[in-house]
Amino acid sequence: MGAGHNEEKFKAAIILRSNSKIWAEAKSEWELHLVYDDPAERACECGHQPINQICVIKNKDNNKEAEVGNVCVHRFMKLASQRVLSVLKRVRWDLKKSLNPAALDLFARRGVISNDERSEYLDYWRKRTNLTDEQKAQKNDINVRVLKYADEETARLIANFANHGLKPRL
Ligand SMILES: [Zn+2]
């Protein structure tokens with residue numbers, strides 16, 4: 001257990017925004033909304049600071065949002081935040097790289113890509129064979145669209161943080 005990640009404090013903060021007051025149930029109400037890097041130093045609900053990798057999680061039942069650290073989301077909620085964050089970095093660096101299933105699921109849920117596009121992309125990802133020019137163009141189009149959405153949504157979330165002063169570093 002890394003220093004400063006207070007599990008009880010983290011769970012209490014999430015339960016406060018959940019419908020169920022039982023952790024095992026409350027946890028399943030939440031899904032990953034987006035992951036982004038914010039150079040402003042922030043604090044997690046567990047009390048750990050600073051955090052730069054911000055995970056925005058959303059409650060599927062009551063639409064409440066929480067912004068927490070990558071470590072806690074992975075450790076206590078088992079959401080694939082690290083896989084999404086690292087693949088976005090990889091694709092941003094090289095547009096020919098592939099998004100992974102965790103990222104495709106997330107952006108399909110957001111409506112950024114359609115379910116058909118998600119299935120086709122997963123097919124390319126699984127086979128790792130040479131793509132036709134048309135398939136390459138489709139993959140490129142999806143990568144560009146996902147990055148654009150991630151950038152815009154990140155800007156919105158950071159502005160939201162600045163306006164509402166959510167959990168700044170103490
Ligand atoms: Zn934390």
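We now turn to the structure provided with this report. (Residues numbered from 1 in each chain as written. Predicted model: local features only at pLDDT ≥ 70, side-chain atom pairs only at ≥ 80, totals over all residues. Heavy atoms only, no water.)

1. A word on the packing of aromatic side chains
Thought 1: Overall, the coordinates contain 3 aromatic pairs when judged by the stated rule.
Thought 2: Both rings, one in phenylalanine 107 and one in tyrosine 149, keep their centres 6.0 Å apart while their planes meet at 85°; by these two values the pair is edge-to-face. Of this pair, phenylalanine 107 sits in helix α5 (residues 101-109) while tyrosine 149 sits in helix α7 (residues 133-164), and the two are 42 residues apart along the sequence. Tyrosine 149 matches phenylalanine 107 in its accessibility class, with the two residues each being buried.
Thought 3: Here the aromatic rings of tyrosine 121 and tyrosine 124 are separated by 6.4 Å at their centres, their planes lie at 40°, and the arrangement is tilted. With tyrosine 121 and tyrosine 124 both in helix α6 (residues 115-127) and 3 residues apart, this pair spans about one turn of that helix. (Phe/Tyr/Trp six-rings, centres within 6.5 Å; stacked < 30°, edge-to-face > 60°. Helix = DSSP H or I, 4+ residues; strand = E, 2+ residues; numbered from the N terminus. Buried < 20%, exposed > 50% of the residue type's maximum accessible area, 1.4 Å probe, protein only.)

2. A closer look at the coordination of the zinc ion
Thought 1: Protein coordination at the zinc ion: the donors are Cys44 (SG), Cys46 (SG) and Cys72 (SG), at 2.2 to 2.3 Å from the metal.
Thought 2: Taken in sequence order, the residues that donate to the zinc ion follow the motif C-x1-C-x25-C. Linking cysteine 44 in the loop between β1 (30-42) and β2 (51-59) with cysteine 72 in helix α3 (residues 70-77), this pair joins segments that are 28 residues apart in sequence.
Thought 3: You can call cysteine 72 buried: its relative accessible area is 1%. (Donors = N, O, S within 2.8 Å, 3.2 Å for Na, K, Ca; no water.)

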